[in-house]
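Descriptive analysis of the structure
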Amino acid sequence: MRLLVVCLGNICRSPMAEGALRFRLQQAGLGDRVQVDSAGTGDWHVDEPPDRRAIATAASHGVDISTLRGRQLHVDDFQRFDWLLCADRTNLREVRARAPRDARAEIVLLREWAGEGTGAEIADPYTGGQSHFDTVWAQVDAAARHAAARFSRQRRPG
Ligand code: 4NP
């Protein structure tokens, strides 16, 4: 199973979600079975580490995302991944618009996929304060815990 989290810049929301997903999946013993990556629809932050506020917020929850580097969504991602998990509806619209005809990946909102209700988004914290980053962490970690539970159930026979 391969998951790709997508936001705009790939320096705030999607690397935080990548870190939370890796952490919770590893805790659940699913680290080998589920692969996680992240990308941005934009190219401004390619090869850059996550925003220092994103790194600090993840670190305060015991998750190191400092070694991640920004990359832009690539056309191959639509084949390589099972799920493209978008942070907000603008990302979702943009990703769907770029999907090739033979795309294999399902393109959805991360929080909706994680059972948080139709249309649930992760708001862009880039121009906000620490409380915005705290909110993003709470949202991505809830989604990550949901994902770990969902894949644990799927693994169990019967
Ligand atoms: P992200 O946040 O999409 O959560 O990574 C942003 C980061 C950078 C920019 C926009 C959003 N930017 O415009 O540079």
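Owing to the predicted nature of the structure, the values given are computational and were not obtained by experimental measurement.

**Observations concerning the overall build of the chain**
What the chain contains, in helices and strands, is six helices and four strands. Against the globule reference of 15 Å for 158 residues, the chain gives a C-alpha radius of gyration of 14 Å, in line with a compact fold. Seen through its principal axes, the chain has C-alpha atoms that stretch 45 × 35 × 30 Å. Looking at the chain alone, contacts between residues at least 24 apart form 70% of all its contacts between residues at least 6 apart. Carbon together with sulfur atoms contributes 46% to the accessible area of the chain, which is approximately 7,900 Å² in total. Here the chain carries 22 positive and 21 negative side-chain charges, and the mean point of each set is 5 Å from the other.

**Digging into the pattern of salt bridges**
In this structure the tally under the stated criterion is 12 salt bridges. As a salt-bridge pair, Arg-71 and Asp-77 come within 2.9 Å of each other at their nearest N and O atoms. Judged by its relative accessible area of 1%, Asp-77 falls in the buried class. The partner of Asp-141 in a salt bridge is Arg-145, with the nearest N and O atoms 3.3 Å apart. In this pair, Asp-141 and Arg-145 are both assigned in helix α6 (residues 130-155), four residues apart and thus about one turn of the helix distant. Residue Arg-145 is classed as partly exposed on the basis of its relative accessible area of 44%. Taken together, the shared-partner salt bridges connect Asp-37, Arg-71, Asp-77 and Arg-80 into one network.

**Some words on the site of the ligand**
Looking at the ligand, the residues that line it are Cys-7, Leu-8, Gly-9, Asn-10, Ile-11, Cys-12, Arg-13, His-45, Asp-124 and Tyr-126. Between the ligand and His-45 there is a distance of 2.7 Å, counted from an oxygen atom to a side-chain nitrogen or oxygen. The side chain of Asp-124 places a nitrogen or oxygen atom 3.3 Å from an oxygen atom of the ligand. Here the ligand loses 88% of its free accessible area of 350 Å² to cover by the protein chains. Grouping the constituent residues of the shell around the ligand by class yields five nonpolar, three polar and two charged.

**So, the pairing of strand β3 (residues 83-86)**
Of the two faces of β3, the one lined by Trp-83 and Leu-85 and the one lined by Leu-84 and Cys-86 are each fully buried. Pairing of β3 with strand β4 (residues 106-109), which is carried by four bridges, proceeds in the parallel orientation. Residue pairing in the sheet places Leu-85 in a bridge with Val-108 of β4. Taking the sense of rotation as the criterion, the β-α-β connection linking β3, helix α4 (residues 89-98) and β4 turns out right-handed.

**Considerations on the UniProt feature "domain: Phosphotyrosine protein phosphatase I" (unreviewed entry) in the chain**
UniProt marks residues 1-150 with the feature "domain: Phosphotyrosine protein phosphatase I" (unreviewed entry), using the numbering shown here. Helix makes up 42% of residues 1-150 and strand 13%, with an end-to-end C-alpha separation of 12 Å.

**With respect to the UniProt feature "active site" (unreviewed entry) in the chain**
Sites flagged by UniProt as "active site" (unreviewed entry) map to Cys-7, Arg-13 and Asp-124. A compact arrangement is adopted by the annotated residues: their sequence extent is 118 residues, whereas the largest C-alpha distance between any two is 8.6 Å. Here Arg-13 lies in helix α1 (residues 13-27). Looking at Arg-13, the relative accessible area reads 4%, which means it is buried. As for its position among the elements, Asp-124 is in the loop between α5 (110-113) and α6. With residues near it in sequence (within four places) discarded, Asp-124 still touches Leu-8 and Arg-13.

What counts and what doesn't
- Residues numbered from 1 in each chain as written.
- Predicted model: local features only at pLDDT ≥ 70, side-chain atom pairs only at ≥ 80, totals over all residues.
- Heavy atoms only, no water.
- Helix = DSSP H or I, 4+ residues; strand = E, 2+ residues; numbered from the N terminus.
- Rg over C-alpha atoms; globule rule 2.2 N^0.38 Å.
- Contact = heavy atoms within 4.5 Å.
- Areas by Shrake-Rupley, 256 points an atom, 1.4 Å probe, with all protein chains shown as cover.
- Lys, Arg positive; Asp, Glu negative; His and termini not counted.
- Charge placed at Lys NZ, Arg CZ, Asp CG, Glu CD.
- Salt bridge = Lys/Arg side-chain N within 4 Å of Asp/Glu carboxyl O.
- Buried < 20%, exposed > 50% of the residue type's maximum accessible area, 1.4 Å probe, protein only.
- Near = heavy atom within 4 Å.
- Polar contact = N/O pair within 3.5 Å; in protein donor to acceptor, adjacent residues only side chain to side chain.
- Nonpolar A, V, L, I, M, F, W, Y, C, P; charged D, E, K, R; others polar.
- Pairing = 2+ DSSP bridges.
- Right-handed = clockwise from strand over helix to strand, strands pointing away.
- UniProt positions renumbered as here; feature names shortened; annotations may be inferred.

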